[in-house]
Amino acid sequence: MGERKLKIIGKITHYYPKISVAIVELNDEIFVGDRILIKGTTTNFEQVVESIQIEKRNVDKASAGQKIGLKVKDRVREKDIVYKVL
């Protein structure tokens, strides 16, 4: 098995700890079902995207330039980078 490829798709701009939702500013598309890696100074975990929200509405995908709400399984911080695992 070869080296996994990672592609930067956005960055965290806010985190709501009570509901475990991160706000992500996208520079590429993301789909429900994608495997992502969130990495920062003290953040480093992978998860599958289970839900994406735009303006409190559930969507299956989002595109570059959009800001999304993303349910995360662990704490994230502002400026953490979101990668798509290819």
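Caption draft 1: Main features of the sheet that holds strand S4 (residues 35-39). Taken in spatial order, the eight strands line up as S5-S4-S10-S1-S2-S9-S6-S7 in an open sheet, and their pairing is antiparallel. A single partner strand is all that each edge strand has here, and the edge strands are strand S5 (44-48) and strand S7 (57-59). Along the sheet, successive strands turn relative to each other by an average axial angle of 35°, direction set aside. Relative to S5, S4 runs antiparallel, the two being bridged by five bridges. Of the residues in S5, the one forming a bridge with Ile38 is Phe45.

Caption draft 2: Summary view of the pattern of salt bridges. The final tally for this structure, using the stated rule, is six salt bridges. In this structure, Lys11 and Glu25 form a salt bridge, with 3.7 Å as the shortest nitrogen-oxygen distance. Separated by 14 residues along the polypeptide, Lys11 in strand S1 (residues 6-16) and Glu25 in strand S2 (residues 21-26) bring together distant segments of the chain. For Glu25, a relative accessible area of 31% translates into the label partly exposed. Several salt bridges share partner residues, and in doing so they unite Arg4, Arg35 and Glu46 into one network.

Caption draft 3: Examining the nonpolar core more closely. Counting residues in each nonpolar core, the largest one holds 19 residues, and the members touching the most others are Ile30, Ile36, Ile38, Ile68, Leu70, Val72 and Val76. Among the secondary structure elements, those contributing two or more residues to this core are S1, S2, S4, strand S6 (52-54) and strand S9 (67-71). Here Ile36 is in contact with Ile9, Ile30, Phe45, Glu46, Gln47, Val49, Leu70, Val82, Tyr83, Lys84 and Val85, once residues within four sequence places are set aside.

Here is what the cut-offs are and how they apply
Residues numbered from 1 in each chain as written. Predicted model: local features only at pLDDT ≥ 70, side-chain atom pairs only at ≥ 80, totals over all residues. Heavy atoms only, no water. Pairing = 2+ DSSP bridges. Helix = DSSP H or I, 4+ residues; strand = E, 2+ residues; numbered from the N terminus. Axes fitted to C-alpha atoms, helices over the stretch in contact; angles between N-to-C directions. Salt bridge = Lys/Arg side-chain N within 4 Å of Asp/Glu carboxyl O. Buried < 20%, exposed > 50% of the residue type's maximum accessible area, 1.4 Å probe, protein only. Core = buried A, V, L, I, M, F, W, Y, C linked by side-chain atoms within 4.5 Å. Contact = heavy atoms within 4.5 Å.

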